[in-house]
Amino acid sequence: MIAFVIRRLLQSLIVMLTVGFVAFSMFNFLGDPINNMVGQDATEAEREHLRHVLGLDQPFYIQFLVYLGNALQGQFGMSYRLGMPVVRALAERLPATLELVFCAAGLALLVGVPLGVYTGLHRDRWLSKVFLTLSLIGISLPTFLIGILLILVFAVYLGWLPSFGRGDVVDLGWWTTGFLTVSGIKALILPAITLALFQLTLVMRLVRAEMMEVLRTDYIKFARARGLTNRAVHFGHALRNTLVPVITITGLQIGSLIAFAIVTETVFQWPGMGLLFLQAVQFVDVPVMSSYLVLIAFFFVAINLVVDLLYYFVDPRLRADRAVASGHG
Amino acid sequence: MQNEPLLRVDGLRVEFPGRRGTLVAVDDVSFDIAPGEVLGVVGESGAGKSMTGSAIIGLLEPPGRIAGGSISLDGRRIDNLPYEEMRRIRGKHIGAIFQDPLTSLNPLYSVGRQLVETITTHSDISEKAARDRALALLQEVGIPAPERRIDQYPHQFSGGMRQRVVIALALCANPRLIVADEPTTALDVSIQAQIIALLKRLCREHGTAVMLVTHDMGVIAETADRVAVMYAGRIAEIGPVRDVIKNPRHPYTVGLMGSIPRMGHDAERLTQIDGSMPRLTEIPAGCAFNPRCPYVFDRCRVERPDRMAVAPFHEAACWKYADGVGHA
């Protein structure tokens, strides 16, 4: 178990180094950074001087090490556009995105898993067919369209919910939350549903497929032959066996939710990282772009680590360090 | 067989409605099992023996369904019970053992949990008492050091040990009947004999009747009191195991016995039955065995034989015995 964690941590480190290198390279490939800093009329000598002061005349691996050193100390440079440290800019936006993403992920799981179980158990009921048809719509409609439709219905026609922004937020010092005010929660509903819908249908279809697969296995038949109640068979035995793939997909999806909340954030003008990133791209704000890349990679790596650890709790076959007989897993 | 049968299967018919017509997997199968008796059911793959077992425990895979006949346990019909009532009978009155012990146990739960869960489902006792009973059962089925093994997971047991756990699970609630579907087929030959001996001993001790489904005549000879030979969904011959083995009457059984190697008989080659069992879609008219039967005559091709007595308690479905005596 410990060896496994160490191995995974080392792998994570390699991934982060690679991503760091890519992020670092962005500075050199997206134009000469000196050009971005000095005016048009700076002399060649001034440029050389600045280049030397900033250490840009060093070989790239020295520069990369310096970059890594700074990154480890939480220094990712100044945003060209905002004129403030990138870390501060990201930290200001991070709570908005994370609150949105976790609400969306929670919604997707809380609704998606039960629907998946229901449609998996009762394949032939008309309600299952209704859910499946609806899920097809959820999977095929693009996010921005769903967002706009929701705004049209609930903000424009009905006027129940705000169409943009985050509402009033409470500043906790290191974190700003929208959960503590009515307007914050109201503002969260539409974007969370928009972001969750695709994941929800994905989780539902996945759970359904896995349930149908598991229900055909011998141990389910044997569980029935032992006279266990339907409840025990379906939820105790079948559902738990569907969890490993569901955890995998959910983990990966939370990563992509964070990374690709951009569209939803744009539609709802949600003041999160996605919006920040989009603006950074428009202004070629390289420090923000590269730091965003590193941050997202960090989330992916961290989530995958958590997912791998969750396997251990779900599946005893992975837990056994000293398996007596060979399993088939 | 004067006493009231424990299980009575009467004219059982199992159908599979399909796109290209309905398949009849089990056709007009009748037999009794007395309390404590071991009935072997033997036949080739697809003869309908497993399907009969599934029908008895009420777990036919849809779209398979019982289309006719009746199944009674202790005089009470069980083939038409609602799911919930049948569930209460499964495990408590009729236990089941399946072919592959590697896949019969849920990989995510310890064997103890699976035992305790089964015990508490069928009797109103505390977790603690159920755990004690689980330990006793593991001991009884010959698992060494049950205190240590009870909290282990199925993958930590070998195939033979897992089948012992499966047997413990089937015996949990002291059922009166166990339907054992090929309980040794997936095991090593050396383990097979142990498992059969265990099953036989436990059922004798508990007075449990067994319906032992297998294609292994050797297992039947060793274990069963009576044997039913199935062919193409019907019972071809049924009788006391010694009679059937020593003096098989149905030409199919004769062929089946001839294909078993025997110690002490220096046969150059084993006899084999020409052809193969017909598919369910292509069962011939008359006796289903007629295209392969060396004794076939006109009547066999048009009229299907019912079972007729050939000796005390010994019946065969063959026109050779239509006049009450064999003229083989």
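Residues numbered from 1 in each chain as written. Chains lettered and ligands numbered in written order. Predicted model: local features only at pLDDT ≥ 70, side-chain atom pairs only at ≥ 80, totals over all residues. Heavy atoms only, no water.

Draft legend 1. Region of the structure containing the overall build of chain A. Helix and strand counts for chain A stand at 14 helices and two strands. By principal-axis analysis of the C-alpha atoms, chain A measures approximately 85 × 60 × 35 Å. Out of the 329 residues belonging to chain A, those deemed buried represent 43%. The long-range fraction of contacts in chain A, counting pairs at least 24 apart against all pairs at least 6 apart in sequence, stands at 70%. Taken as a whole, chain A presents about 17,200 Å² of accessible surface, with 69% of it coming from carbon and sulfur. Side chains of chain A give 23 positive and 19 negative charges; the mean places of these two sets differ by 20 Å. (Helix = DSSP H or I, 4+ residues; strand = E, 2+ residues; numbered from the N terminus. Buried < 20%, exposed > 50% of the residue type's maximum accessible area, 1.4 Å probe, protein only. Contact = heavy atoms within 4.5 Å. Areas by Shrake-Rupley, 256 points an atom, 1.4 Å probe, with all protein chains shown as cover. Lys, Arg positive; Asp, Glu negative; His and termini not counted. Charge placed at Lys NZ, Arg CZ, Asp CG, Glu CD.)

Draft legend 2. How the structure looks around the overall build of chain B. Scanning chain B from terminus to terminus reveals 12 helices and 12 strands. Whereas a compact globule of 328 residues would reach a radius of gyration of roughly 20 Å, chain B reaches 21 Å, a difference of no more than 12%. When each of the 328 residues of chain B is scored for burial, the buried share is 52%. The contacts in chain B between residues at least 6 apart in sequence include a share of 63% that link residues at least 24 apart. Carbon and sulfur atoms make up 50% of the accessible area of chain B, which amounts to about 14,700 Å² in all. Looking at chain B, you have 38 positive and 39 negative side-chain charges, and the mean spots of the two groups are 2 Å apart. (Rg over C-alpha atoms; globule rule 2.2 N^0.38 Å.)

Draft legend 3. Inspection of the packing of helix 4 (residues 111-122) of chain B against helix 7 (residues 159-171) of chain B at higher detail. Residues and elements named next belong to chain B. Direction vectors running N to C along helix 4 and helix 7 enclose 15°, while the axes themselves pass 9 Å from each other. Comparing the axis directions of helix 4 and helix 7 gives the class roughly parallel. Remark: the crossing between helix 4 and helix 7 carries right-handed chirality. For the pair formed by helix 4 and helix 7, the contact residues are V111, Q114, L115 and T118 on the first element and V165, A168 and L169 on the second. (Axes fitted to C-alpha atoms, helices over the stretch in contact; angles between N-to-C directions. Parallel < 35°, antiparallel > 145°, perpendicular 65-115°, else oblique. Left-handed = near helix turned anticlockwise from the far one by under 90°.)

Draft legend 4. The arrangement of the pattern of salt bridges in detail. The tally for this structure, following the rule as stated, stands at 28 salt bridges over all chains. R8 of chain A serves as the salt-bridge partner of D308 of chain A, at 2.7 Å between the closest nitrogen and oxygen. Residue D308 of chain A is located in helix 13 (residues 286-314), and its partner R8 of chain A is located in helix 1 (residues 2-29); the two are separated by 300 residues in the primary sequence. Look at R8 of chain A and you get partly exposed, because its relative accessible area is 22%. Put simply, D298 of chain B and R301 of chain B hold a salt bridge, and the shortest N to O gap is 3.7 Å. A residue pair is termed a helical-turn pair when its members lie 3 or 4 positions apart in one helix, as D298 of chain B and R301 of chain B do in helix 12 (residues 298-302) at three residues. (Salt bridge = Lys/Arg side-chain N within 4 Å of Asp/Glu carboxyl O.)

Draft legend 5. Structural detail: the domain arrangement of chain A. All names here are of chain A. Split into domains, chain A comes out as domain 1 (2-72) and domain 2 (90-319). Facing the 14 residues of domain 1 at the interface are 14 residues of domain 2. Taken together, both faces of the contact between domain 1 and domain 2 bury some 1,300 Å²; the carbon and sulfur share is 85%. Taken as a group, F4, M16 and M26 account for 36% of the area that domain 1 buries against domain 2, more than any other trio of residues on that side. Summed over the shared surface of domain 1 and domain 2, the number is one salt bridge. Summed over the shared surface of domain 1 and domain 2, the result is one residue pair in polar contact (both at pLDDT 80 or more). Here the side of domain 1 that touches domain 2 gets 12 residues from one element, more than from any other, and that element is helix 1. (Domains from an automatic or database assignment. Buried area = accessible area lost by both parts, 1.4 Å probe. Polar contact = N/O pair within 3.5 Å; in protein donor to acceptor, adjacent residues only side chain to side chain.)

Draft legend 6. Just the pairing of strand 7 (residues 177-181) of chain B, in detail. Residues and elements named next belong to chain B. With five of its five residues buried, strand 7 lies for the most part within the structure. The two faces of strand 7 match: L177, V179 and D181 on one face and I178 and A180 on the other face are all buried. Where strand 6 (residues 94-97) and strand 7 come together, four bridges link them in parallel fashion. Residue pairing in the sheet places I94 in a bridge with L177 of strand 7. Relative to strand 8 (residues 209-214), strand 7 runs parallel, the two being bridged by five bridges. (Pairing = 2+ DSSP bridges.)

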